[in-house]
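Now for the letters of each chain:
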Amino acid sequence: MIRIEPRAQTPRAFAVGIPVLSAIVALALAAIPLIFAGANPIVAYGEMFKGVFGSLFAFSEMLTRATPLMFTGLAAALAFRAKLWNIGAEGQLYLGAMAAVAIGSGVLDISGVVLLPLIIVCGAAAGAVGMAAPTYLKVRFGADEVVTTLLLNFIILIFLQMMLEGPLQDPMSLGWPQSAPVLDQGMLPPLMERMRVHSGLILALVLAGVAQFMLARSVWGFKLRAVGENVAAARHAGINVKRSLFGVAVISGGLAGLAGVSEVAGLKGYLTADLSPGFGYTGIVVAMLAGLSPVGVVVAALFIASVFVGADSMSRAMGVSSFLADLVVSMSLLCVLIGGFLAKYRIIRSNKAGATS
Amino acid sequence: MMDLLNILLSESFWAASLRIATPLIFGVLGALICERAGVLNLGIEGIFVVGAMCGWMAVWLGAGLWGGILVAACAGAFFGLLHAILTVPLGLSQHVSGLGITLFATSVSYFTYRTALPSVSSPPRIEPFQPLDLPILSDLPFLGPVLFQQTTLTWLALAFVALVWYVMNRTALGVALQAVGDNPNSVDAQGLSVYGLRIGAIVAGSALMALGGAFLTMSAFDAFFFGMVNGRGWVCIALVIFASWRPGKALFGALLFGAFDALQVRLQTEMGALVPGQVFLMAPYILSIIALVIAARSADYPRALLTPWFKGQR
């Protein structure tokens, strides 16, 4: 007989051990598709490692890739803590990016001291609106936010195409659906000479620190966790659940909006409809790998970014499809989910007499 | 106004509505079966992709059209089983597991497609299901083009609506399935297996979802493209709520969505000069959200939806 029994207490080591183990298992499982694709897995892993740690440039590329994932990972982690299922970070990212180019590409020709903060604030606000709307539909009408945020991603992407062929289109782009570039003084400064890594990374790290502190130490964080753990109990304890949900919705959407700002004003300089290769969805994996902890998000984002950058480089060297990275990412999500089960429950094998072995 | 009337009276509009609704009918029925048994299956979007890819690839490798349908259904059932194991005996978060299945199924499909066809400029085509050509019926005015010149898959979808309705409302299995989604303890008390019923429902429902995907590559189009599912799975999740978990209303919802989608394409060509085309492209998704908002309050949720159940633990 196999029995499943809840653990009285989750061992501390599990909090770090499970995500790390999940990542390793997912990478190991990737050997199967690698062999399927006719590649030697050991050589492929070597190429992936070289693609991330082989040079300073490679490493800086990984940091560049991790930056938006930190923002979207934080967006998912905070919302999920309150059991608010924000699956719409992809759309909110584009709302933030649209706000950034709308304000930053020459409408207001003002100095960087004012323009850059203005871009950041407006980008975050646009993302916040993008999450506040479905939260309103949830609170007021009971419309499931999973479905509404997912559908909003598609609506926003189509809206983006409309804007890029309309009001936001660069008149110099010869009909290409692309926005005008953000003014130089509106750009997030680069961190290293001749590298693409930019100060959006610093912003992400600072926000992760703030989020960690707020979640663990502030009344706001306490209320948020209470709502996430038991809505009825939170309400009974006098917590305004709706206000808590709106609060975390605005912050979660704002963080996702900042991912868009950071990509536009830190990396690309202008906006196209393929700005994000699914950063919003990958952010969910980042958050889950991080165990919904803001500091964990930083580490998880670095790991996922390494997988993507490493797989790209491996793909170029060995001709294996770079969709391998998506495979590793999705498998690590499933692994960490199963790991979470092992953290919560013990599997006990017992004989008929009931004695445990 | 006359234009709109002309569109609504044309047989091509109604034929297109039913054609667009077909994958949604499969998807909504699949999601409905899972949710009736108490488990949300957000893997649907990825299972659509897997069905589309596997069905197409099986035909491309020479399995024949019905062989492709069978392969697609099995692939869907496999990913459904994965979701079932994670959410039923392990009782893990149905939201996260479903999203994980969607990401996993999508990346498996894309990786397999890319590995099998490393560099093709135009996707290889197959000979898809052909429109029915029935004596007399297909030549009927209006009804012929709308109903009897669809492909066999559309009729299969309609047959499944009837089958699911019958099983749900007229058989002991249906009663047990609904009970397991409302009150699993009562099912357990009767000596039936809660795990078995739920896992079976998810596997069957996922196979149906995969058929929706297979329709895309084997009937609506004749090739596989990245991103071709384009949110159809999520639309199905919204439609299930709109349909209050009833097969008949699910058919109605899918047809309504199909009609609206067919209408927006036609209005786009009529009014393209006045309004940007994207406004019409957005409309079906907005309609889904509106439908959800209208239905959400009155929706009669399966009472144990999203709640895991463990044997011997009340």
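What comes next is a walk through the structure.

About the criteria used
- Residues numbered from 1 in each chain as written.
- Chains lettered and ligands numbered in written order.
- Predicted model: local features only at pLDDT ≥ 70, side-chain atom pairs only at ≥ 80, totals over all residues.
- Heavy atoms only, no water.
- Helix = DSSP H or I, 4+ residues; strand = E, 2+ residues; numbered from the N terminus.
- Rg over C-alpha atoms; globule rule 2.2 N^0.38 Å.
- Contact = heavy atoms within 4.5 Å.
- Areas by Shrake-Rupley, 256 points an atom, 1.4 Å probe, with all protein chains shown as cover.
- Lys, Arg positive; Asp, Glu negative; His and termini not counted.
- Charge placed at Lys NZ, Arg CZ, Asp CG, Glu CD.
- Patch = residues over 30% accessible without salt bridge, like charges linked within 9 Å, V, L, I, M, F, W, Y side chains within 5 Å.
- Salt bridge = Lys/Arg side-chain N within 4 Å of Asp/Glu carboxyl O.
- Buried < 20%, exposed > 50% of the residue type's maximum accessible area, 1.4 Å probe, protein only.
- Buried area = accessible area lost by both parts, 1.4 Å probe.
- Polar contact = N/O pair within 3.5 Å; in protein donor to acceptor, adjacent residues only side chain to side chain.
- Axes fitted to C-alpha atoms, helices over the stretch in contact; angles between N-to-C directions.
- Left-handed = near helix turned anticlockwise from the far one by under 90°.
- Nonpolar A, V, L, I, M, F, W, Y, C, P; charged D, E, K, R; others polar.
- Phe/Tyr/Trp six-rings, centres within 6.5 Å; stacked < 30°, edge-to-face > 60°.

Focus on the overall build of chain B
Here comes step 1: The helix and strand inventory of chain B stands at 13 helices and 0 strands.
Here comes step 2: Along chain B, helices (α) and strands (β) appear in the sequence α-α-α-α-α-α-α-α-α-α-α-α-α when read from the amino end.
Here comes step 3: Taking 2.2 N^0.38 as the reference for a compact globule, 314 residues should give roughly 20 Å; the C-alpha atoms of chain B span a radius of gyration of 20 Å, in line with that estimate.
Here comes step 4: Long-range contacts, defined as pairs at least 24 residues apart, comprise 78% of the intrachain contacts of chain B with a sequence gap of at least 6.
Here comes step 5: Accessible surface, chain B as shown: approximately 12,600 Å² in total, 68% of it carbon and sulfur.
Here comes step 6: Distance from the positive charge centre (14 side chains) to the negative charge centre (13 side chains) of chain B: 14 Å.

Examining a positive patch on the surface
Here comes step 1: Positive charge collects at one region of the surface, where Arg140, Arg235 and Lys242 of chain A together with Arg297 of chain B lie side by side.
Here comes step 2: Within the secondary structure layout, arginine 297 of chain B lies in the segment after helix H13 (277-296).
Here comes step 3: For arginine 297 of chain B, a relative accessible area of 56% translates into the label exposed.

Here we look at unusual backbone geometry
Residues and elements named next belong to chain A.
Here comes step 1: If you check the backbone angles, lysine 83 has positive phi at about 55° while not being a glycine.
Here comes step 2: Structurally, the position occupied by lysine 83 is in the loop between helix H4 (56-81) and helix H5 (89-104).
Here comes step 3: At leucine 174, a residue that is not glycine, the phi angle is positive and equals roughly 55°.
Here comes step 4: Summarising the element assignment, leucine 174 is placed in the loop between helix H7 (145-164) and helix H8 (200-217).

A closer look at the interface of chain B and chain A
Here comes step 1: At the interface, 46 residues of chain B touch 45 residues of chain A.
Here comes step 2: Counting the surface lost from both chain B and chain A, the interface buries some 3,900 Å², and carbon and sulfur atoms represent 85% of this.
Here comes step 3: Among the residues chain B hides against chain A, the three largest losses belong to Val96, Phe111 and Gln278 of chain B. Together they make up 17% of the total.
Here comes step 4: Our enumeration of links across chain B and chain A arrives at 0 salt bridges.
Here comes step 5: For the interface between chain B and chain A, the tally reads 3 residue pairs in polar contact (both at pLDDT 80 or more).
Here comes step 6: When contributions to the side of chain B that touches chain A are tallied by element, the ones reaching two or more residues are helix H4 (65-87), helix H5 (94-116), helix H11 (232-242) and H13 of chain B.

Comments concerning the packing of helix H3 (residues 44-60) of chain B against H4 of chain B
All names here are of chain B.
Here comes step 1: For the pair H3 and H4, the least separation of the axes is 8 Å and the interaxial angle reads 145°. Crossing hand, H3 versus H4: right-handed. In contact with Ile47, Val50, Gly51, Cys54, Gly55, Ala58 and Val59 of H3, H4 contributes Leu65, Gly68, Val71, Ala72, Ala75, Gly76, Phe79 and Gly80.
Here comes step 2: In terms of residue class, the contact of H3 with H4 is built from 10 nonpolar, 5 polar and no charged.

Section: the packing of aromatic side chains
Here comes step 1: The full count for this structure, using the stated rule, is 25 aromatic pairs over all chains.
Here comes step 2: A ring pair is formed by tyrosine 136 of chain A and phenylalanine 141 of chain A, whose centres lie 6.2 Å apart and whose planes are at 85°; its orientation type is edge-to-face.
Here comes step 3: Owing to a relative accessible area of 24%, phenylalanine 141 of chain A belongs among the partly exposed residues under this scheme.
Here comes step 4: Ring centres of phenylalanine 221 of chain B and phenylalanine 225 of chain B lie 6.1 Å apart, and the angle between their planes is 90°; on these two criteria the pair is classed as edge-to-face.

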